[in-house]
Amino acid sequence: MFDVDHDHLICASDLKKAFTFYFGRDAQNNATDDTVIERLIMEVDYNGDGRISFEEFKEMMTLASTEYDNSSL
Ligand SMILES: [Ca+2]
Ligand SMILES: [Ca+2]
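Residues numbered from 1 in each chain as written. Chains lettered and ligands numbered in written order. Predicted model: local features only at pLDDT ≥ 70, side-chain atom pairs only at ≥ 80, totals over all residues.

### Description of helix α1 (residues 12-23)
With 12 residues, α1 should reach 16 Å at 1.5 Å per residue; the first-to-last C-alpha distance of 16 Å fits that figure. Turning to α1, its buried residues are D14, L15 and F19. Viewed along the axis of α1, the buried residues span an arc of 125°, placing them on a single side of the element. Structural note: α1 exposes S13 and F21 on the side pointing more than 90 degrees away from its buried face. On its buried side, α1 packs onto β1 (9-10) and α2 (34-44). (Helix = DSSP H or I, 4+ residues; strand = E, 2+ residues; numbered from the N terminus. Expected span 1.5 Å × (residues − 1). Buried ≥ 20, exposed ≤ 12 C-beta atoms within 10 Å, placed from the backbone. Arc of directions from axis to C-beta. Contact = placed C-beta atoms within 7 Å.)

### Quick look at the packing of α1 against α2
Between α1 and α2, whose axes approach to 10 Å, the crossing angle comes to 125°. Taken together, the axis directions place α1 and α2 in an arrangement best described as oblique. The interaxial crossing formed by α1 with α2 has right-handed handedness. Touching A12, L15 and K16 of α1 are I37, E38, L40 and I41, all from α2. Taken together, the residues of the contact of α1 with α2 break down into five nonpolar, no polar and two charged. (Axes fitted to C-alpha atoms, helices over the stretch in contact; angles between N-to-C directions. Parallel < 35°, antiparallel > 145°, perpendicular 65-115°, else oblique. Left-handed = near helix turned anticlockwise from the far one by under 90°. Nonpolar A, V, L, I, M, F, W, Y, C, P; charged D, E, K, R; others polar.)

Laid out in structure tokens, this is it:
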């Protein structure tokens, strides 16, 4: 759902479009900030190609849900 241009990789522009779409224009100054997106990609981009593959995306979701579980305890 984040792969806006359907090349099976999630890059910075995909994330920016997706965040703008899902969170609306009000979130543009926060969630779609270039620095936030670049940091997000760097954190999950294990092979360093600057894009998030489906495998890396799955890993990101696993990490996100783990963090959520921990904080809700
Ligand atoms: Ca893409
Ligand atoms: Ca990658």
